[in-house]
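Summary of structural features
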Amino acid sequence: MTLKARLVLSISPIALAIMPSVAHADEDSDSFHRQPASDIIVTAPLQSRRMDVLSGTSVLTGTNLTVSIRPTIGETIEHTPGASATSFGPNASRPVLRGLQGERVRVMTDGIGSIDVSNTSVDHAVAINPLLAERVEVLRGPEALLYGSSAIGGVVNVLDKRIPRSMPEAIHVDALLTYGSASNERSAAAAVDAPIGGGFVAHVDGSYLKTGNMRI
């Protein structure tokens, strides 16, 4: 008895929605077949954007990026969820996303693909200097397909400081020094932005990297 009562209550809104069409069909069966089907609209109490549902994104910026920074982009993001890195010495490391690498992972800078041959062999380094990065975005899942079929594994997009995104009030200098004991790794990077008037900004950057033999 209880089960039947619940079933009646659950289908009653649908029955009410189609009752006008059924009543009209009794009056004129020909016109009933010409009437469009009634629309049933279902709404959820909590709304969310479509991109938020599909996205699996990790972002490194600010202090988190400074702590994670390494001379190669693969080593920089290897501690983010679903990411690891290839290793062919201290200077060559490419991202691996969800076990996929090479042509299946797109590495970009400011939304433009990096022009290198790192996707053909792990002994080639990525032509992106993470020491000058301002923001690193790691995209996984269906959203990565927006960047082409070659991004089936995911996308790593590095936003560097070579294109100023704001007008500095005075000369702005960023500098970073790192050291790695495993290979006596020494790296340094600096970027200078200076306003020159008329909405233009002068930018200069440079980096230095030197490593020894890997010791295990």
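Residues numbered from 1 in each chain as written. Predicted model: local features only at pLDDT ≥ 70, side-chain atom pairs only at ≥ 80, totals over all residues. Heavy atoms only, no water.

1. Overview of the overall build of the chain
Spelled out, the test is: By definition, any uninterrupted DSSP run of H or I lasting at least four residues is a helix, any uninterrupted run of E lasting at least two residues is a strand, and each is numbered from the N terminus. Each residue's exposure class comes from its accessible area (1.4 Å probe, protein chains only) as a fraction of the maximum for that residue type: buried when under 20%, exposed when over 50%, partly exposed otherwise. Whether two residues touch is decided by their heavy atoms; if any such pair falls within 4.5 Å, the residues are in contact. Reported accessibility uses the Shrake-Rupley method at a 1.4 Å probe radius. Residues are deemed covered only where the shown protein chains occlude them.
Assigned secondary structure in the chain consists of five helices and 10 strands. Burial analysis of the chain (216 residues in total) assigns 30% to the buried set. Taking all contacts inside the chain whose residues are at least 6 apart in sequence as the whole, residues at least 24 apart take part in 53%. With an accessible surface of roughly 14300 Å², the chain has 58% of that area assigned to carbon and sulfur atoms.

2. What about the nonpolar core?
This is how the line gets drawn: Take the buried residues of types Ala, Val, Leu, Ile, Met, Phe, Trp, Tyr and Cys, join any two whose side-chain atoms come within 4.5 Å, and each joined set is a nonpolar core.
Of all hydrophobic cores here, the largest spans 19 residues; its most connected members are Leu65, Ile73, Ile77, Leu97, Val136, Val156 and Val158. The set of elements that each furnish at least two residues to this core consists of α5 (73–77), β4 (105–109), β6 (133–140) and β7 (154–160). The element best represented in this core is β6, accounting for three residues. Setting aside residues no more than four positions away along its own chain, isoleucine 77 makes contact with Leu60, Ala83, Pro95, Leu97, Val136, Val138 and Val156.

3. Remarks on the side chain of glutamate 185
Spelled out, the test is: Charged residues are defined narrowly, with Lys and Arg counted positive, Asp and Glu counted negative, and His plus the chain ends left uncounted. We count a salt bridge whenever a side-chain nitrogen from Lys or Arg sits within 4 Å of a carboxyl oxygen from Asp or Glu.
With respect to the helices, strands and loops of the structure, glutamate 185 is situated in strand β9 (residues 185–197). Of the side chains bearing the opposite charge, arginine 70 lies closest to the buried glutamate 185, which forms no salt bridge; the N-O distance is 6.4 Å. Non-local contacts of glutamate 185, meaning those with residues more than four positions away in its chain, are made with Pro71, Pro90, Thr178, Tyr179, Gly180, Leu209, Lys210 and Thr211.

4. Focus: unusual backbone geometry
Notably, arginine 98 is not glycine yet its phi reads approximately 55 degrees, a positive angle. Mapped onto the elements, arginine 98 comes out in the loop between β3 (95–97) and β4. The phi angle at aspartate 110 is positive, at roughly 55 degrees, despite the residue not being glycine. Along the chain, aspartate 110 falls in the loop between β4 and β5 (112–113).

5. Remarks on the sheet that holds β7
Applicable threshold: At least two DSSP bridges between two strands are required for those strands to pair.
With mixed pairing, five strands are arranged side by side in an open sheet as β1-β6-β7-β4-β5. Here the strands that pair on one side only, and so sit at the sheet edges, are β1 (56–61) and β5. Note: β1 against β6, six bridges, orientation antiparallel. Each bridged residue has a counterpart across the sheet, and for glycine 56 the counterpart in β6 is arginine 140.

6. Things to note about the pattern of salt bridges
All told, the structure shown has five salt bridges when counted by the stated rule. The salt bridge involving glutamate 134 is made with arginine 165; its shortest N-O contact spans 3.5 Å. Highlighted residues: glutamate 134 in strand β6 and arginine 165 in the loop between β7 and β8 (172–180), separated in sequence by 31 residues. By relative accessible area, which is 39% here, glutamate 134 ends up partly exposed. Each member of the salt-bridge network shares a partner with another, and the members are Asp110, Glu134 and Arg165.

7. Digging into a nonpolar patch on the surface
The test is simple: Patch membership requires more than 30% relative accessible area and the absence of a salt bridge. Residues of like charge join within 9 Å; the nonpolar side chains Val, Leu, Ile, Met, Phe, Trp and Tyr join within 5 Å.
Judged by side-chain polarity, Ile171, Val173, Val192 and Val204 come together as a nonpolar surface patch covering roughly 370 Å² of accessible area. With respect to the secondary-structure elements, valine 204 resides in strand β10 (residues 200–210). Under the relative-accessibility criterion, valine 204 is labelled exposed at 57%.

8. Topic: the environment of leucine 100
Structurally, leucine 100 can be placed in the loop between β3 and β4. Excluding residues that lie within four positions of it along the chain, leucine 100 makes contacts with Pro95, Val105, Ile152 and Gly153.

9. Concerning the sheet that holds β8
Which entries qualify depends on this criterion: Angles shown run from 0 to 180 degrees and are taken between the N-to-C directions of axes, each axis being a line fitted to C-alpha atoms and, for helices, limited to the stretch in contact.
What the three strands build is an open sheet, ordered β8-β9-β10; its pairing is antiparallel. A single partner strand is all that each edge strand has here, and the edge strands are β8 and β10. Sheet twist, expressed as the mean angle between neighbouring strand axes with direction ignored, is 5 degrees.

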